[in-house]
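# Observations on chain architecture
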Amino acid sequence: MTRTPQEVFADHGNRLGTGDLDLISQNYTEDAVFLTPEGTLTGREGVRRGIGALLADLPDADWRLTPRFAGDVLLLRWSATTGTHEVTDGVDTFVFRDGLISAQTVRYTLTPRTTRTA
């Protein structure tokens, strides 16, 4: 049974919450392409490494997401804050094929948070 992009995305969010990279990578096709600000990663193993690096950059982040679907493409705008960093201008574009994610681009700006005193 083929899942809709909305179902895949909902499942993907649940898997991200577990932090289990093997489980997360199962939502991708074997020939998935993962484009990050640092470069291009391919296949499930490449996706696994890319998501692992992103999660390592943002442990315990407070995420804010705004998804917008257009057929088999999802544009996801996001931002996040942690105790030490802030992510702005986050945009992911997912392309779905046969009930899995076949391509994803990830773009964001990561800046240290500064403390201000009155």
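Residues numbered from 1 in each chain as written. Predicted model: local features only at pLDDT ≥ 70, side-chain atom pairs only at ≥ 80, totals over all residues. Heavy atoms only, no water.

What follows is about the UniProt feature "domain: SnoaL-like" (unreviewed entry) in the protein chain. Those residues carrying the UniProt feature "domain: SnoaL-like" (unreviewed entry) are residues 15-102 in this numbering. What you have in residues 15-102 is 27% helix and 53% strand, and the ends, taken at the C-alpha atoms, are 17 Å apart. (UniProt positions renumbered as here; feature names shortened; annotations may be inferred. Helix = DSSP H or I, 4+ residues; strand = E, 2+ residues; numbered from the N terminus.)

What follows concerns helix α1 (residues 5-18). Note: α-helices contain 3.6 residues per turn, so residues at a spacing of three or four share the same orientation. Helix length check: α1, at 14 residues, gives a terminal C-alpha distance of 20 Å against a target of 20 Å (1.5 Å per residue), a fit within 8%. Just beyond α1, the residue with positive phi is Gly-19, at close to 75°. (Expected span 1.5 Å × (residues − 1).)

As a further point, take the side chain of Arg-15. By the element assignment, Arg-15 lies in helix α1. Judged by its relative accessible area of 15%, Arg-15 is buried. The contact partners of Arg-15, leaving out residues within four places of it in the chain, are Asp-20, Leu-23, Ile-24, Gln-26 and Asn-27. (Buried < 20%, exposed > 50% of the residue type's maximum accessible area, 1.4 Å probe, protein only. Contact = heavy atoms within 4.5 Å.)

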